[in-house]
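Chain residues, written in single-letter form:
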Amino acid sequence: MNGKRYVIALDQGTTSSRSVLIDRTGRMVDFVQRPFQQIFPEPGWVEHNPQDILFTQLGSLTELLHRHNLTERDICAIGIDNQRETTIVWDPTTGAPIANAIVWQCRRTTPLVEELCGTPEVRAMVRAKTGLLPDAYFSASKIRWLLDNVEGARERAEAGELLFGTVDTYLVWVLTGGLVHATDPTNASRTMLYDIHEGRWDPELLELFDIPACMLPEVRPSAGSFGETSYPGIPAGIPICGVAGDQQAALFGQCCFRAGQAKNTYGTGCFLLMHTGGTAPTSTHQLVTTIAASAPGCDHTEYALEGSVFVGGALLQWLRDELGLLRSSSESEMIAERVSDTGGVYVVPAFTGLGAPWWAPEARGLICGLTRGTTQAHVVRAALESMAYQVHDLARAMEADAGRRIETLNVDGGASQNKFLLQFQSDVLRCQIRRPLNTETTSLGAAFLAGLASGFWEDPSELEELRQRDLVFEPEMDEARADALVAGWRKAVERTLL
Ligand SMILES: Nc1ncnc2c1ncn2[C@@H]1O[C@H](COP(=O)(O)OP(=O)(O)O)[C@@H](O)[C@H]1O
Ligand SMILES: O=P(O)(O)OC[C@H](O)CO
């Protein structure tokens, strides 16, 4: 314990950077958010300018500090959570990135991954070591692309003149004045270069992707020491002692510390993660196994199963912007409640194919079951229900892989404000849904990690007690009806696979 009043979370997301002030009761006192530009140089490519990431992050931090008149005397620690997989390579002598960051959504390296990981043997080796499915999503092929396509990059990297980092690493490096080049296991586990069982960068994977080991950051515990702030304009000497990828941070922020505890984030897409304790199950349903963030003092690696829904809340934005059926996403709740069911309508938002457990990249979306009596309310309700069905499918796959039921699903994200959605989720999943009062669980997770590492909080049980009042949803729908609805959804999904 010390007299400092706050922990700050730096929440570096895909579309904005946020700085969040959190007090000892776990309350979010205030936050500052700065959006930044998305760069689409070619179809399917997505980039960020690392300077944009940096200056929106630092700008939000300084504004937050000024707004509350805060100095290093008030801030116990900084925690960082970040968009994962996004890849930055820079020159440590100047701090200048050699190119824009290649964002996790960018598909430019799909042919490269096909070429390097095309055989069943290589795919199996990558899966066994990293827990991931070989894909352009993860960092490895993005680093390789930069080395192959930026003039002189390979020679400089091999001579030890370039550094690689995910966004956490880049922020830590800049904030510590270039002293610390480090990441944490949750971020390392998303690069496709890290052996999640051995806990080290893997020589065979580095050889496969032809990436020099000297570019890679040191891997330190998520609740560990990442140096101190030393950057002009930022109060000096604040310890940075929490780092985690944003989805693992949210799992931690939801106080899912034990095997079987799960969270789902309903945002533009959805991310479902289940803590699996010290075991790393291999999914037979195309889910990925990833490293979970651990509290200080944990003597073993903890894991999670993860699955994602590509189109979640984005479907409501599509109904709003392209079909004009809604004025806002939040209006969907009131409109859906106007009807008692969808009248047999299903929406399958396979705009970019379907993810786990279907993995059908060629599938395309549909709205089916239309009759002359179908109204706006039926379609809007079916759109909300589609989010719940997709999470249901992921959750059932996860339960089969983990060999245990999800008793309670902890939820967060923008669309978790929708109570109709959460009740329907509980009905089809047949489990309790819990929404914390503070749904900013990502920032909370980063703050918790930094706060535990710095002694701001004593131990994880204290954090469970801080958890503010939850909104709880229990299944209300008759089980036979819920099963019939899910069966109808399955038929609709099958139609998209034709
Ligand atoms: N009340 C609501 N009901 C349903 N969907 C909502 C509601 N509020 C926001 N959304 C959806 O949630 C998404 C935004 O959530 P957010 O967690 O901020 O997203 P992200 O972090 O993925 O950018 C949008 O796609 C929006 O359509
Ligand atoms: O930026 P977010 O919060 O949508 O998260 C992105 C994920 O970390 C990508 O894996």
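Preceding this paragraph is the structure being described.
Right, let's walk through the structure included here. Since this is a predicted model, take the numbers as computed values, not measurements.

A look at the overall build of the protein
Then, number 1: In terms of regular secondary structure, the protein is built from 16 helices and 22 strands.
Then, number 2: Taken over the C-alpha atoms alone, the protein extends approximately 65 × 55 × 40 Å along its principal axes.
Then, number 3: Counting across all 498 residues of the protein, residues that qualify as buried make up 60%.
Then, number 4: Surface summary for the protein: the accessible area is close to 19,000 Å², and the carbon and sulfur share equals 51%.

Observations concerning the sheet that holds strand β17 (residues 303-309)
Then, number 1: Sheet architecture is open: seven strands sit in the order β16-β17-β15-β14-β20-β21-β22, paired in mixed fashion. Taken across any chain shown, the strands that pair with only one partner, and hence form the sheet edges, are β16 (288-291) and β22 (470-473). For this sheet, the mean inter-axis angle between neighbouring strands, taken without regard to orientation, is 30°.
Then, number 2: Of the strand pairs in this sheet, strand β20 (residues 408-412) and strand β21 (residues 432-436) are connected by three bridges, and their pairing is parallel. Directly across from T408, in β21, lies its bridge partner Q432.
Then, number 3: Helix α13 (residues 419-429) contacts β14 (262-266), β20, β21 and β22 of the sheet and is inclined by roughly 45° relative to β22.

Examining the side chain of D74
Then, number 1: Checked against the element boundaries, D74 lands in the loop between α1 (50-67) and β5 (75-82).
Then, number 2: Residue class for D74 comes out buried when judged on its relative accessible area of 14%.
Then, number 3: One polar contact links the side chain of D74 to the main-chain amide nitrogen of T71, over a distance of 2.9 Å.

Here's the deal with the pattern of salt bridges
Then, number 1: With the rule as written, the count across this model stands at 31 salt bridges.
Then, number 2: Across the pair R156 and D91 runs a salt bridge whose closest N-O atoms are separated by 3.1 Å. Here R156, found in helix α5 (residues 153-158), pairs with D91, found in the loop between β6 (88-90) and β7 (101-102); they are 65 residues apart in sequence, far enough to count as distant.
Then, number 3: According to the relative accessible area criterion, R156 is partly exposed, its value standing at 27%.
Then, number 4: Residue D91 is classed as buried on the basis of its relative accessible area, which comes to 13%.
Then, number 5: A network of salt bridges, in which partner residues are shared, links R84, E85, R190, D246 and E306.

A look at the packing of aromatic side chains
Given two aromatic rings, one states the distance between the centres and the angle between the planes to describe the pair.
Then, number 1: Under the criterion given, the structure shown has 16 aromatic pairs.
Then, number 2: Look at F310 and W359: their rings are 6.1 Å apart centre to centre, the planes differ by 75°, and that puts the pair in the edge-to-face class. Taken together, the residues span a long stretch of sequence, with F310 in the loop between β17 and α10 (314-321) and W359 in the loop between β18 (346-348) and β19 (366-368) at a distance of 49 residues.
Then, number 3: Residue F310 is classed as partly exposed on the basis of its relative accessible area, which comes to 36%.
Then, number 4: An aromatic cluster of at least three residues, connected via ring pairs, comprises Y346, Y389, F420, F424 and W489.
Then, number 5: Positioned above the aromatic ring of F31, the side-chain terminus of R18 is 4.7 Å from the ring centre.

The rules behind these values
- Residues numbered from 1 in each chain as written.
- Chains lettered and ligands numbered in written order.
- Predicted model: local features only at pLDDT ≥ 70, side-chain atom pairs only at ≥ 80, totals over all residues.
- Heavy atoms only, no water.
- Helix = DSSP H or I, 4+ residues; strand = E, 2+ residues; numbered from the N terminus.
- Buried < 20%, exposed > 50% of the residue type's maximum accessible area, 1.4 Å probe, protein only.
- Areas by Shrake-Rupley, 256 points an atom, 1.4 Å probe, with all protein chains shown as cover.
- Pairing = 2+ DSSP bridges.
- Axes fitted to C-alpha atoms, helices over the stretch in contact; angles between N-to-C directions.
- Contact = heavy atoms within 4.5 Å.
- Polar contact = N/O pair within 3.5 Å; in protein donor to acceptor, adjacent residues only side chain to side chain.
- Salt bridge = Lys/Arg side-chain N within 4 Å of Asp/Glu carboxyl O.
- Phe/Tyr/Trp six-rings, centres within 6.5 Å; stacked < 30°, edge-to-face > 60°.
- Lys NZ or Arg CZ within 6 Å of the ring centre and 35° of its normal.

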